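The primary structure of each chain is shown beneath.
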Amino acid sequence: CVMTKKWVAPPLWREELTGWLAALKAGGRSEQTLLTRRRKMTYTAVCLGVSPYEVTCEMMTQWFASQSWKPETRKAYRNTVSSFFAWMRQTGRRNDDPSMELPKVKRPRAHPRPCPDKVILAALGRASESERIMLRLGAECGLRRGEIGRVSSGDVVDDLVGRSLVVNGKGDKQRIVPLPDDLADLISACDGYVFPGRFGGHVEESYIGDRLSSLLGDGWTAHSLRHRYATATWQATHDLLLVSKLLGHASVETTQVYVAMPDERLRAGMAAVLLSA
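Sequence positions are assigned chain by chain, starting from 1 and proceeding in written order. Totals for whole chains, interfaces and linings use all residues, but because this is a predicted model, local features are given only for residues with pLDDT of at least 70 and pairs of side-chain atoms are given and counted only at 80 or more. Only hydrogens and water are set aside; all other atoms, that is, all heavy atoms of the structure, feed into the side-chain values.

Draft legend 1. Highlighting the packing of helix H1 (residues 11-26) against helix H4 (residues 71-90). Axis separation between H1 and H4 bottoms out at 10 Å; the angle between their running directions is 100°. By the criterion of interaxial angle, the relationship of H1 to H4 is roughly perpendicular. The residues of H4 that touch H1, namely those facing Trp13, Glu16, Leu17, Gly19, Trp20, Ala23 and Leu24, are Thr80, Ser83, Phe84, Phe85, Trp87 and Met88. Axes here mean lines fitted to C-alpha atoms, for a helix over just the part in contact, with angles spanning 0 to 180 degrees between N-to-C directions. Per the convention used, a helix needs a DSSP run of H or I reaching at least four residues, while a strand needs a run of E reaching at least two, with both numbered from the N terminus. Working rule for angles: under 35 degrees goes down as roughly parallel, over 145 as roughly antiparallel, 65 to 115 as roughly perpendicular, anything else as oblique. Two residues qualify as a contact provided that any one of their heavy atoms is within 4.5 Å of a heavy atom in the partner residue.

Below is the structure:
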């Protein structure tokens, strides 16, 4: 069972998936969240091969075990099936919730990997005007791929000392980040979405991610620009709570994964332990 964008929900699942997605929409979930959850649940339905009333915890556990997912993907799928089957139980469609006993996903602690400024400057030198804005929104504003794709000219607002950007972030949460004046001008000059899609709306986050990875090269990604923003902001302010709010994190614990110890402090530590003759 290989994931593709062409999966269609099996007939036995369509009514339930439609009802679940309607409940999520009524709860204010964004269109991007609905699309992501629909894809994940559709893939799950196709692979399990039975109706949603026949799914068991053992069946899902075996299927999860057969998938070669990264921890983040595994956790996202667990959250999705948990949401779906909790809805089925709450609405009386099932008397139980087969997802409740799914094994919890252990996520290894990641290490910060901020993209070096020399790599970003080299990428800026070969980027188009549109790509330069992508790079700067990641490196100077700390936006995620999807957040970059959704930036619109109407998101620029005046603050007490300059201009800021209203970011429509993960989990449908908004935050405000300060903008450099020239970047604010570039975004404001666009009529609507800064990165419009081919058939209306805005580009998908995968497009932003692919463009940035290609520009940066050597394994650097859009997320490494976010790590760079977090590290540079913490180094300037030493305020982890502020950095957390600027990144749109729910907890400071998550932010700690993004902040790398400044190189000069590491070098100072190395100089202190060197043995002298």
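Continuing now.
Draft legend 2. Broad picture of the nonpolar core. Here, nonpolar core refers to any group of buried Ala, Val, Leu, Ile, Met, Phe, Trp, Tyr and Cys residues whose side-chain atoms link them within 4.5 Å. For every residue, the accessible area obtained with a 1.4 Å probe (protein chains only) is divided by the maximum for its type, and the residue is called buried under 20%, exposed over 50%, and partly exposed between those limits. Core analysis: the largest hydrophobic core is formed by 42 residues, its most contacted members being Leu135, Leu137, Leu143, Leu165, Phe195 and Leu216. Counting residues per element, the ones that place at least two in this core are helix H5 (117-126), helix H6 (129-139), strand E2 (163-168), strand E3 (174-179), helix H8 (181-188), helix H9 (205-216), helix H10 (222-237) and helix H11 (240-247). Beyond its immediate stretch of four places on either side in the chain, Leu135 contacts Ala123, Leu124, Ala127, Leu212, Leu215, Leu216 and Leu225. Membership of the second largest hydrophobic core comes to 24 residues, among which are Phe64, Val81, Phe84 and Leu102.

Draft legend 3. Spotlight on the pattern of salt bridges. For salt bridges, the criterion is a side-chain nitrogen of Lys or Arg within 4 Å of an Asp or Glu carboxyl oxygen. Enumeration over the complete set of coordinates arrives at 10 salt bridges. For Glu147, the salt bridge is made with Arg175, and the minimal N-O distance between the two is 2.9 Å. Of the two residues, Glu147 is situated in helix H7 (residues 145-149) and Arg175 in strand E3; the sequence distance between them amounts to 28 residues. The exposure class assigned to Glu147 is buried, which follows from its relative accessible area of 3%. Across the pair Arg163 and Asp185 runs a salt bridge whose closest N-O atoms are separated by 2.6 Å.

Draft legend 4. Structural context of the environment of Asn168. Relative to the helices and strands, Asn168 is located in strand E2. Look at Asn168 and you get partly exposed, because its relative accessible area is 28%. Apart from residues lying up to four places away in sequence, Asn168 is in contact with Glu147, Arg150, Asp155, Lys173 and Gln174. A distance of 2.9 Å separates a polar atom in the side chain of Asn168 from a polar atom in the side chain of Gln174. Two N or O atoms form a polar contact when they lie within 3.5 Å of each other; inside protein one atom must be a possible hydrogen donor and the other a possible acceptor, and for residues adjacent in sequence the pair counts only when both atoms belong to side chains.

Draft legend 5. Fine view of the side chain of Ser152. Looking at the secondary structure, you find Ser152 in the loop between H7 and strand E1 (156-158). Assessed through its relative accessible area of 16%, Ser152 is described here as buried. Every residue in contact with Ser152, bar those within four places of it in the chain, is listed here: Ile187, Gly192, Tyr193 and Val194.

Draft legend 6. Spatial organisation of the sheet that holds E3. Only strands that DSSP links by at least two bridges are regarded as paired with each other. Pairing within the open sheet is antiparallel, and its three strands lie in the order E1-E2-E3. Whereas interior strands pair on both sides, the edge strands pair on one side only; in this sheet they are E1 and E3. Neighbour-to-neighbour, the strand axes of the sheet open up by a mean angle of 40°, direction not taken into account. Pairing of E1 with E2 involves three bridges; the strand directions are antiparallel. Pairing of Asp158 across the sheet is with Arg163, part of E2.

Draft legend 7. Layout of H5. Taken residue by residue, H5 has Val119, Ile120, Ala123 and Leu124 as its buried positions. Viewed end-on, H5 has its buried residues packed into an arc of 135°, placing them on one side of the element. Counted as exposed and oriented over 90 degrees from the buried face of H5: Lys118, Leu121, Gly125 and Arg126. Elements that come into contact with the buried residues of H5 comprise H6, H9 and H10. As used here, the arc is the angular range of directions from the helix axis to the C-beta atoms.

Draft legend 8. A look at the packing of aromatic side chains. Within 6.5 Å between ring centres, the rings of Phe, Tyr and Trp (the latter by its six-membered ring) count as paired, and their orientation is classed by plane angle as stacked under 30 degrees, edge-to-face over 60, tilted in between. Applying the stated rule across the entire model yields 12 aromatic pairs. Ring centres of Trp13 and Phe85 lie 6.4 Å apart, and the angle between their planes is 80°; on these two criteria the pair is classed as edge-to-face. Linking Trp13 in helix H1 with Phe85 in helix H4, this pair joins segments that are 72 residues apart in sequence. The buried category is assigned to Phe85, whose relative accessible area is 0%.

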